[in-house]
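So the chains spell out like this:
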Amino acid sequence: MKIQGQIYLPGDKSISHRALMIASLSKKTSIIRNLASGKDVESTGDCLKKCNISISGKTNIEKIITGYTFQNPKNELDCGNSGTTIRLLSGLLASRKIKATLIGDESLSKRPMGRIIRPLLKMNLSINAKNNKTPISIEKSEIKSIDYQSEISSAQVKSAVLFAGLGATNKTTYQEPFLSRNHTEIMLKSVGADIDIYDNKTSIRGMSKPLSPLNMRIPADPSTAAFFAGAVALLPQSELIIKNLLTNPTRFEFFNAIKSMGVGVDILSENFEGGECVSDIFIKNKRLRSISIEKSKVPSLIDEIPILSVIATQADGKTIIRGAEELRVKESDRIESILFNLRNMGAIVEEFNDGFSIEGPSKLNGTTIRTFGDHRIAMAFTIAGLVANGKTKLDNYECIDISFPEFFNTLRNIIK
Ligand code: S3P
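Residues numbered from 1 in each chain as written. Predicted model: local features only at pLDDT ≥ 70, side-chain atom pairs only at ≥ 80, totals over all residues. Heavy atoms only, no water.

> Go over the overall build of the protein chain, please, and point to the residues and values.
Each helix and strand in the protein chain was counted, giving 13 helices and 23 strands. Expected size for 416 residues packed as a compact globule is a radius of gyration near 22 Å; at 21 Å, the protein chain falls within 12% of this value. Projected onto its principal axes, the C-alpha coordinates of the protein chain cover approximately 60 × 40 × 40 Å. Every one of the 416 residues in the protein chain was classed for burial, and the buried ones make up 60%. Look at the contacts in the protein chain between residues 6 or more apart in sequence, and 73% of them connect residues 24 or more apart. Taken as a whole, the protein chain presents about 16300 Å² of accessible surface, with 45% of it coming from carbon and sulfur. (Helix = DSSP H or I, 4+ residues; strand = E, 2+ residues; numbered from the N terminus. Rg over C-alpha atoms; globule rule 2.2 N^0.38 Å. Buried < 20%, exposed > 50% of the residue type's maximum accessible area, 1.4 Å probe, protein only. Contact = heavy atoms within 4.5 Å. Areas by Shrake-Rupley, 256 points an atom, 1.4 Å probe, with all protein chains shown as cover.)

Next comes the structure, spelled out in structure tokens:
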């Protein structure tokens, strides 16, 4: 078995959420092509519609959005499984003086919301959440600007504060330890927001008028592409071209990491779309060696750590990932869910509070994967199954629909 071919993937999930939200701040019509197809982005669209934003058109063709028509929703806003939806929308709706209650599924209800509540309270938002967890209720408030230094590198917190800052009159400044994904800043700048970006520090002033509309084709999601690149890394003689991939450096660290592990990663072209870098890339199987990932690199590959861990089981030597304690508060505790499944498949691992090590290469045995309802665990361990002895099954296939319903079809098309 090997991987061969060329793939076009749905648009990046992080950019898709932001595209819908930022388009809602324009009175003119925005057109967004290649929006991410999973349930998470659907949740964002549904919540915005409940706030009287007009969204029509097909996800995989083009979405047409006309905004600046916010009204209080009649019912609760259901953010489903999506941390990006609940955290970013809290800031966005605060800036529009909307009164709303945001709810989510069982996994989202366990995740920490204090990280957005603390800065939003400082911005004078009236916000309530029992034990800093979902549901979150916000009231119409006069938003004030802040100068905020975050202790964590989180694009969701950063975006919540920048969005809320659009509702203040003065300048809001946000600084983080290491630069997290910067799509909010790039997109806001592209539609005329008053924003200054200096590496890991960003300042924004309130919106005095509606933003310009967006017209964008969203580049392919590198977090989704990582699973197929992972299959290439694991299966000898594999080669794959990934078309129109988002290659923003705040998202590209997984590809740099597998390149350091020996995998062939070549950038075939370079373009820009809405201020974001987009490339066709060529991935080629080569012998794998281990790698160490340190804290400063973690924000730029955080969502790819499940598949990176699977790749590490087949690399010569000990792979060490540290400074990744944020994995504990993702859709599942990903340190636990990765190690639980790797151990079950026969890999040699050691757990730390902030990461783990994996001793490779080791033979993997097929088993039933416990997904913990986490889409990235489900996809990473499906790829592990390609190199395992015997059958690998998932305890939950549905959770893949959160980010990438076309996962199995895409995989089937490139397995030769
Ligand atoms: C995201 C930011 C990251 C990432 C998540 C999506 C975003 O989370 O893990 O999947 O779209 O802003 P944090 O901002 O909490 O690190």
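Having put the structure on the table, let's press on.
> Explain the sheet that holds strand β18 (residues 292-293) to me, and be specific about the residues and the numbers.
The strand order across the open sheet formed by 4 strands is β18-β19-β21-β20, and the pairing between neighbours is mixed. Lying at the two open borders of the sheet, with one neighbouring strand each, are β18 and β20 (348-352). In terms of strand pairing, β18 meets strand β19 (residues 317-321) through 2 bridges, oriented parallel. Residue pairing across strands places serine 292 opposite isoleucine 320, the latter belonging to β19. (Pairing = 2+ DSSP bridges.)

> Which residues make up the pairing of strand β12 (residues 201-205), and what values do they have?
Consecutive residues of a regular strand have side chains that alternate between opposite faces of the sheet. Note: strand β10 (residues 171-175) against β12, 5 bridges, orientation antiparallel. Across the sheet, glutamine 175 pairs through a bridge with lysine 201, a residue of β12. In the sheet, strand β11 (residues 195-198) pairs with β12 via 4 bridges, with the strands oriented antiparallel. Of the residues in β12, the one forming a bridge with isoleucine 197 is threonine 202. Connecting β11 to the antiparallel partner β12 that follows it, the hairpin turn spans 2 residues, and aspartate 199 within it adopts a positive phi of roughly 45°.

> Report on the site of the ligand, specifying residues and quantitative values.
Residues in contact with the ligand, as listed here, are Ser14, Arg18, Thr84, Ser154, Ala155, Gln156, Arg181, Ile302, Asp303 and Lys330. Between the ligand and arginine 18 there is a distance of 2.6 Å, counted from an oxygen atom to a side-chain nitrogen or oxygen. Measuring from an oxygen atom of the ligand, one finds a backbone N or O atom of alanine 155 at 2.9 Å. Protein burial of the ligand: of its 380 Å² of free accessible surface, 94% is covered by the chains. Going through the elements one at a time, α1 (13-23) and α6 (155-165) are the ones with two or more residues in the shell around the ligand. Residues belonging to the shell around the ligand are distributed by class as follows: 2 nonpolar, 4 polar and 4 charged. Taken domain by domain, the shell around the ligand gets at least three of its residues from each of domain 1 (12-217) and domain 2 (219-414). (Near = heavy atom within 4 Å. Polar contact = N/O pair within 3.5 Å; in protein donor to acceptor, adjacent residues only side chain to side chain. Nonpolar A, V, L, I, M, F, W, Y, C, P; charged D, E, K, R; others polar. Domains from an automatic or database assignment.)

> Account for the sheet that holds strand β4 (residues 62-66), with residues named and values stated.
Pairing is mixed across the open sheet formed by 4 strands, whose spatial order is β3-β4-β2-β13. Pairing within the sheet leaves two strands with one partner each, and these edge strands are β3 (54-57) and β13 (215-217). Averaged over all adjacent pairs, the angle separating strand axes in this sheet is 15°, with direction ignored. Sheet topology places β3 next to β4; 4 bridges connect them, and they run antiparallel. (Axes fitted to C-alpha atoms, helices over the stretch in contact; angles between N-to-C directions.)

> I'd like to hear about helix α13 (residues 407-414), residue by residue, with values.
Taken as a whole, α13 has its buried residues at Phe407, Thr410, Leu411 and Ile414. Looking down the long axis of α13, one finds its buried residues gathered within 100° of arc, a one-sided arrangement. Among the exposed residues of α13, those oriented more than 90 degrees off its buried face are Arg412 and Asn413. Buried residues belonging to α13 abut β1 (4-7), α8 (222-234), β14 (239-246) and α12 (375-385). (Arc of directions from axis to C-beta.)

> Describe α1, naming the residues involved and giving the relevant values.
Of all 11 residues making up α1, 11 are buried, and the element is well covered by its neighbours. Here α1 has its buried residues at Lys13, Ser14, Ile15, Ser16, His17, Arg18, Ala19, Leu20, Met21, Ile22 and Ala23. Capping the start of α1 is the job of one residue whose side-chain oxygen sits 3.3 Å from the backbone nitrogen of serine 14: aspartate 12.

> Can you tell me about the side chain of histidine 375, naming the residues and giving the values?
Tracing the backbone shows histidine 375 in helix α12. On the accessibility criterion, histidine 375 (0% relative accessible area) is buried. A distance of 2.8 Å separates polar atoms of two side chains, one belonging to histidine 375 and the other to serine 403.

> Describe the packing of helix α3 (residues 83-95) against α6, naming the residues involved and giving the relevant values.
α6 packs onto α3 with a crossing angle of 15° between their chain directions and a minimal axis gap of 7 Å. With respect to their mutual orientation, α3 and α6 come out roughly parallel. Regarding α3 and α6, the two cross each other, and that crossing is right-handed. Of the residues in α6, those touching α3 at Gly83, Thr84, Arg87, Leu88, Gly91, Leu92 and Ser95 are Gln156, Ser159, Ala160, Phe163 and Ala164. Of the residues contributing to the contact of α3 with α6, the split by class is 5 nonpolar, 6 polar and 1 charged. (Parallel < 35°, antiparallel > 145°, perpendicular 65-115°, else oblique. Left-handed = near helix turned anticlockwise from the far one by under 90°.)

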